[in-house]
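Single-letter residue listing:
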Amino acid sequence: MRDVGSDKDEDEMTDKHMTTVSQHYFVDESDKPSFSIAIIENMKEEYGLFVWPCSVILAEYVWQQRYRFSGANVVELGAGTSLPGLVAAKVGSNVTLTDDSNRIEVLKNMRRVCEMNKLNCRVMGLTWGFWDASIFDLNPNIILGADVFYDASAFDDLFATITYLLQSSPGSVFITTYHNRSGHHLIEFLMVKWGLKCVKLVDGFSFLPHYKARELNGNIQLAEIVLNHESPEETSTSTVR
């Protein structure tokens with residue numbers, strides 16, 4: 001009869017051997033590296049433990065907009081490997097990294113990555129659509145979300161969370177990168193439902209350095225979303241396509 005404890009030990013050893021550390025470089029205007037971020041990844045490409053293209057693109061956007069992020073309070077939703085949030089911390093933001101409260105291994109990996117990069121970020125569990133004490137302490141100027149629009153069944157809870165955070169901090173913005181999948185019509189509908197509007201929409205590859213772009217693929221867009229303070233009659237059409 002096989003020992004259950006032995007099975008667990010073997011699984012842990014397998015997981016350990018399936019991890020790798022990737023380095024992500026960010027260069028200045030002279031094309032000289034300014035810094036790099038190390039990320040612990042799972043080679044099985046598990047969601048939350050792998051650096052996906054949307055994360056690379058959003059992290060590069062944070063770097064290019066670094067003066068905007070300096071001194072800002074930043075919350076990353078569904079952070080996973082946390083590359084965008086870590087870049088924000090590197091350029092001077094006060095960063096809170098969040099992911100589903102039930103994903104203990106992902107949260108543990110986020111803390112390990114912060115320690116590895118010597119960055120002082122707050123790491124906390126935050127499940128979309130659930131209102132516990134932790135969310136009431138968040139007052140972000142900027143909310144980040146890389147590839148958070150992947151499960152249509154979670155969109156409504158995600159938008160509820162985004163809307164609350166935007167309402168808690170007047171003038172704040174949600175910046176997201178996402179694959180242009182068939183769910184974009186649902187995203188448009190929910191933006192209207194929750195009183196949000198898109199104020200910026202760009203091709204995710206349009207600002208990406210060529211050496212990063214050639215390593216990625218997909219139809220990825222970057223959007224900046226804010227509260228819509230206009231009445232429906234006054235609102236000009238802003239759509240996510």
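Residues numbered from 1 in each chain as written. Predicted model: local features only at pLDDT ≥ 70, side-chain atom pairs only at ≥ 80, totals over all residues. Heavy atoms only, no water.

The chain appears in an unreviewed UniProt entry as Methyltransferase family protein from Citrus sinensis.

Caption draft 1: A look at the packing of helix α7 (residues 155-168) against helix α8 (residues 184-193). One can describe the packing of α7 onto α8 by two numbers: an axis separation of 10 Å at closest approach and a directional angle of 40 degrees. Compared by their axis directions, α7 and α8 come out oblique. Crossing angle aside, the handedness with which α7 passes α8 is right-handed. Only Leu186, Ile187, Leu190, Met191 and Lys193 of α8 make contact with α7, whose side of the interface consists of Phe155, Asp156 and Phe159. Looking at side-chain class alone, the contact of α7 with α8 contains 6 nonpolar, no polar and 2 charged residues. (Axes fitted to C-alpha atoms, helices over the stretch in contact; angles between N-to-C directions. Helix = DSSP H or I, 4+ residues; strand = E, 2+ residues; numbered from the N terminus. Parallel < 35°, antiparallel > 145°, perpendicular 65-115°, else oblique. Left-handed = near helix turned anticlockwise from the far one by under 90°. Contact = heavy atoms within 4.5 Å. Nonpolar A, V, L, I, M, F, W, Y, C, P; charged D, E, K, R; others polar.)

Caption draft 2: Layout of unusual backbone geometry. Unlike most non-glycine residues, serine 82 shows phi in positive territory, near 70 degrees. Among the structural elements, serine 82 can be located in the loop between β3 (73-76) and α4 (83-90). Here serine 82 falls in the buried class, since its relative accessible area comes to 1%. Of note, the phi angle at aspartate 147 is positive, near 55 degrees, even though the residue is not glycine. Considering the arrangement of structural elements, one finds aspartate 147 in the loop between β6 (142-146) and α7. (Buried < 20%, exposed > 50% of the residue type's maximum accessible area, 1.4 Å probe, protein only.)

Caption draft 3: Highlighting the sheet that holds strand β4 (residues 94-99). The mixed open sheet is built from 7 strands, whose spatial order is β5-β4-β3-β6-β7-β9-β8. Looking at the sheet topology across the chains shown, the edges are occupied by β5 (122-125) and β8 (196-203). Between one strand axis and the next, the sheet turns through 20 degrees on average, direction left out of account. The pairing of β3 with β6 spans 3 bridges and is classified as parallel. Each residue of the ladder has a partner; that of valine 74, found in β6, is isoleucine 142. Contacts from α4 reach β3, β4 and β6 within the one sheet, and its direction differs from that of β4 by about 165 degrees. (Pairing = 2+ DSSP bridges.)

Caption draft 4: Spotlight on the pattern of salt bridges. This structure, assessed with the given rule, holds 7 salt bridges. Between aspartate 99 and arginine 103 there is a salt bridge; the shortest N-O distance is 3.8 Å. The buried category is assigned to aspartate 99, whose relative accessible area is 5%. Residue classification places arginine 103 among the partly exposed positions, given a relative accessible area of 26%. (Salt bridge = Lys/Arg side-chain N within 4 Å of Asp/Glu carboxyl O.)

Caption draft 5: Expanded view of the nonpolar core. One finds Ile37, Phe69, Leu83, Leu86, Val87, Leu97 and Ile175 to be the most contacted residues of the largest nonpolar core, which totals 46 residues. Only β2 (33-42), α2 (53-64), α4, β4, α5 (104-116), β6, β7 (173-179) and β9 (220-227) provide two or more residues apiece to this core. Per element, the largest residue contribution to this core is 8 residues, and it comes from α2. Not counting the four nearest positions on each side in its chain, leucine 97 is found in contact with Glu76, Ala79, Ser82, Gly85, Leu86, Met110, Cys114, Cys121, Arg122, Val123 and Met124. If you look at the next biggest cluster of nonpolar residues, it comprises 27 residues, including Trp128, Tyr178, Ile187 and Cys198. (Core = buried A, V, L, I, M, F, W, Y, C linked by side-chain atoms within 4.5 Å.)

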